[in-house]
Amino acid sequence: NPIAGPYVLGISSGAKLVVAITMIAFLGKGITLSSWGMVAAAFLGSLLAMGFVLLVSVRVHDMSMLVVCGVMISYICSAITDFVVTFADDSNIVNLHNWSLGSFSGMTWQSVRLMAVLVLLGVCVSFLLAKPISAYQMGEAYARNMGVRIGLLILLSSILSACVTAFAGPISFVGIAVPHLVKTLTKTAKPLLLIPGCFLGGAVITLFCDGIARTVFAPTEISI
């Protein structure tokens, strides 16, 4: 759904910003951030970024301008993150740098279990909201007129994006590219087919990219 483009851009960058600030604050005091803490920080950042994009969308109705606004918010969040990292301790910078590149190397079984629970719930809710999502594909105004709760869709996308960003870092291209690729391959826009297709396609593409990142210049690992 191209309407979600600006939202995806803002979500990952906002999550990255708040997680970076939280990591620096906790690591500076010698405290290790728990898995739940990472998810909470990423979720808060994604909601803040989403809120800014929604405020802009109230004033800006042209889709091309809205995409530009989403890109601007993304770069602003990235700029603030870089500014914060500049004044962080060396150890914090290393941890943040590795995380911000996008990698699965820091994943633990505890993280996998937590993500499995949250993502499974997200998948179930996504299927239950298949009809509202289908209405949203026709445009936000149309969805509102049909009684769709836009806030619930935004909350769901924020939670799912926050989970990925918290543990694997910001990998924005997946949320932007995969839905369009799946839509092209399946030749349909029905959410009941696109939802599982996007989950499966996102997993396959990121694992494929991670495999390349780990092997091409081994033992040096590049970002996904």
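Up top is the structure these notes are about.
Now for a description of the structure that goes with this document. (Residues numbered from 1 in each chain as written. Predicted model: local features only at pLDDT ≥ 70, side-chain atom pairs only at ≥ 80, totals over all residues. Heavy atoms only, no water.)

## Let's talk about the overall build of the protein chain
Here's step 1: A count of helices and strands for the protein chain gives 10 helices and zero strands.
Here's step 2: When each of the 224 residues of the protein chain is scored for burial, the buried share is 40%.
Here's step 3: The long-range share in the protein chain, meaning contacts at least 24 apart out of those at least 6 apart in sequence, stands at 75%.
Here's step 4: About 12500 Å² of surface is accessible on the protein chain, with carbon and sulfur atoms providing 72% of the total. (Helix = DSSP H or I, 4+ residues; strand = E, 2+ residues; numbered from the N terminus. Buried < 20%, exposed > 50% of the residue type's maximum accessible area, 1.4 Å probe, protein only. Contact = heavy atoms within 4.5 Å. Areas by Shrake-Rupley, 256 points an atom, 1.4 Å probe, with all protein chains shown as cover.)

## A closer look at the packing of helix H5 (residues 109–128) against helix H10 (residues 191–215)
For any two helices packed against each other, the geometry is given by the interaxial angle and the distance between the axes.
Here's step 1: Two numbers describe how H5 lies on H10: the axes approach to 10 Å, and their chain directions differ by 160°. In terms of their interaxial angle, H5 and H10 are classed as roughly antiparallel. Of the two possible hands of crossing, H5 and H10 adopt the one that is right-handed. Contact residues: H5 offers Val119, Val123, Ser126 and Phe127, while H10 offers Leu192, Ile195, Pro196 and Phe199.
Here's step 2: Here the contact of H5 with H10 is composed, by residue class, of seven nonpolar, one polar and no charged. (Axes fitted to C-alpha atoms, helices over the stretch in contact; angles between N-to-C directions. Parallel < 35°, antiparallel > 145°, perpendicular 65-115°, else oblique. Left-handed = near helix turned anticlockwise from the far one by under 90°. Nonpolar A, V, L, I, M, F, W, Y, C, P; charged D, E, K, R; others polar.)

## Overview of H10
Here's step 1: Taking 1.5 Å of rise per residue, the 25 residues of H10 would be expected to cover 36 Å, and the 35 Å separating its terminal C-alpha atoms lies within 8% of that figure.
Here's step 2: Regarding H10, the residues found buried are Pro191, Leu194, Ile195, Gly201, Gly202, Thr206, Cys209, Asp210 and Ala213. (Expected span 1.5 Å × (residues − 1).)

## Side note on the nonpolar core
The tendency in soluble globular proteins is for nonpolar side chains to be buried side by side.
Here's step 1: Of all hydrophobic cores here, the largest spans 15 residues; its most connected members are Val19, Val39, Ala42, Ala166 and Phe167.
Here's step 2: When contributions to this core are tallied by element, the ones reaching two or more residues are helix H1 (5–28), helix H2 (35–59), H5 and helix H8 (150–168).
Here's step 3: Ranked by size, the runner-up nonpolar core spans 12 residues in total, among them Leu129, Ile150, Leu153 and Ile154. (Core = buried A, V, L, I, M, F, W, Y, C linked by side-chain atoms within 4.5 Å.)

## Overview of the packing of H5 against H8
Here's step 1: At a minimum axis separation of 10 Å, H5 and H8 run at an interaxial angle of 160°. Taken together, the axis directions place H5 and H8 in an arrangement best described as roughly antiparallel. As for how H5 packs across H8, the hand of that crossing is left-handed. Residue-level contacts link Ser111, Leu114, Met115, Leu118, Val119, Gly122, Val125 and Ser126 of H5 to Leu156, Leu160, Cys163, Val164 and Phe167 of H8.

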